[in-house]
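Descriptive structure summary
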Amino acid sequence: MSTPAVSDKNSPYFQALVNGLNHYVDYTNMARYSLDFESSTTILFLFSTTDCWVRIVLSSSSDVASVGSDSSKGDSFFVPGGISYFVGIPFVKSTYKLSVIRNASDGRLHITEGA
């Protein structure tokens, strides 16, 4: 959950994220999984070194083949290299992980979990 914080100068409340685990995935032309996210994770901060395709999957999933631009599932999303990206996690009582594959060149996806 996000935590309300008070601004001393402007009085109104603003939302602040509580950082969670940090990890990374080295991806190639074969899809790779991230670590399972904490059950309290509601948002992810992503930064990739190269363009990649990402899909949020249940922790119990072994369906890495469906990530990518040609995914028949249609729920993969593009993360451009060198740009910070925020992604919300579905609010379901399950744990999730990411399936990641490169777009054109190998790289690393840095992941910070937030609540």
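Refer to the structure above for everything that follows.
The residue numbers shown here count from 1 along each chain, following its written sequence. Per-residue local features are limited, in this predicted model, to residues with pLDDT of at least 70; the limit for side-chain atom pairs, both in listing and counting, is 80 or more; totals at the level of whole chains, interfaces and linings are taken over all residues. Side-chain figures throughout are based on the complete set of non-hydrogen atoms in the structure, without hydrogens or water.

**As for the pattern of salt bridges**
For side chains bearing opposite charge, pairing can occur when the charged atoms are close. Put simply, a salt bridge is a Lys or Arg side-chain nitrogen that is within 4 Å of an Asp or Glu carboxyl oxygen. Scanning all chains against the criterion turns up two salt bridges. Linking Arg-108 and Asp-26 is a salt bridge whose minimum nitrogen-to-oxygen distance equals 2.7 Å. Residue Arg-108 is located in strand β10 (residues 107-114), and its partner Asp-26 is located in strand β3 (residues 19-27); the two are separated by 82 residues in the primary sequence. A residue is classified by how much of its surface remains accessible, and Arg-108, at 28% relative accessible area, is partly exposed. Taking the relative accessible area as the measure of exposure, Asp-26 reaches 39% and is therefore partly exposed. Arg-102 is the salt-bridge partner of Asp-106, the closest N and O atoms lying 2.7 Å from each other. Classification of Arg-102 as partly exposed rests on a relative accessible area of 29%. Per the convention used, a helix needs a DSSP run of H or I reaching at least four residues, while a strand needs a run of E reaching at least two, with both numbered from the N terminus. Here's how the labels work: a residue is buried when its accessible area is under 20% of the maximum for its type, exposed when over 50%, partly exposed in between, all with a 1.4 Å probe on protein chains only.

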